[in-house]
Amino acid sequence: MAVPKPVVDATTLNTFLRDAFPGAPRGYGVEEVTDRGVRLRVPIGSEHQRPGGTVSGPTMMGLADAAAWMATLSRIGIVPLAVTTTLTINFVAKPELIDLVADAELLRLGARSSLTEVRVYSGDVGDGVLVAHATVGYAIPA
């Protein structure tokens, strides 16, 4: 499937995130709008750690959800009420306590919904370890 060209850049998406959640700790940010989706990064700190010296599942799920949301908005513009309808995640490997990077690729974008595949890496995409794989659906309001 051909993915539409982006209509919103990383700076605009990051400004939207900052303004939409004032005062809320949002550790992740959009690094890049790609030809198929977006790439987000979350710097890992003690607040993301779980017992056993690894990154918590909710951290990875939140990053995957945010990446799918930003991938969708990068193509349709800033539509605050686009909301998650499904999120299925598989935890593949134990992440180290280093930055997580989510590489989100739109699989389908329709008038009312999107479907995004998200790969979460511990470390950078090229040389990092795949730690989670998710598919995320979004509803787009009329």
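Above this note sits the structure.
Note that the coordinates shown come from a computational prediction; the quantities given were computed from them, not determined experimentally.

1. Considerations on the sheet that holds strand β2 (residues 37–42)
Taken together, six strands build an open sheet; the order of strands is β1-β2-β6-β7-β8-β5 and the sheet is antiparallel. Two strands lie at the open edges of the sheet, namely β1 (29–33) and β5 (83–91), each paired on one side alone. Each adjacent strand pair in this sheet contributes to an overall mean axis angle of 25 degrees, direction not counted. Relative to β2, β1 runs antiparallel, the two sharing four bridges. Across the sheet, the residue bridging to Val-33 is Val-38, located in β2. Taken strand by strand, helix α1 (residues 10–20) contacts β1 and β2, and its axis lies near 160 degrees from that of β1. Across the sheet, helix α2 (residues 57–76) touches β1, β2, β5, β6 (100–109), β7 (113–122) and β8 (129–139), and the angle it forms with β6 is around 45 degrees.

2. Here we look at the packing of aromatic side chains
Applying the stated criterion across every chain, the model contains two aromatic pairs. Plain terms: the ring middles of Phe-16 and Trp-69 are 5.5 Å apart, the flat faces sit at 70 degrees to each other, and that makes the pair edge-to-face. You can see Phe-16 sitting in helix α1 and its partner Trp-69 sitting in helix α2, a full 53 residues away along the chain. Here Phe-16 matches Trp-69 in class, with each residue buried. Relative to Trp-69, the ring of Phe-21 has its centre 6.2 Å away and its plane inclined at 70 degrees; by these criteria the two rings are edge-to-face. In this pair, Phe-21 sits in the loop between α1 and β1 while Trp-69 sits in helix α2, placing the two residues 48 residues apart along the sequence.

Scoring rules and cut-offs
- Residues numbered from 1 in each chain as written.
- Predicted model: local features only at pLDDT ≥ 70, side-chain atom pairs only at ≥ 80, totals over all residues.
- Heavy atoms only, no water.
- Pairing = 2+ DSSP bridges.
- Helix = DSSP H or I, 4+ residues; strand = E, 2+ residues; numbered from the N terminus.
- Axes fitted to C-alpha atoms, helices over the stretch in contact; angles between N-to-C directions.
- Contact = heavy atoms within 4.5 Å.
- Phe/Tyr/Trp six-rings, centres within 6.5 Å; stacked < 30°, edge-to-face > 60°.
- Buried < 20%, exposed > 50% of the residue type's maximum accessible area, 1.4 Å probe, protein only.

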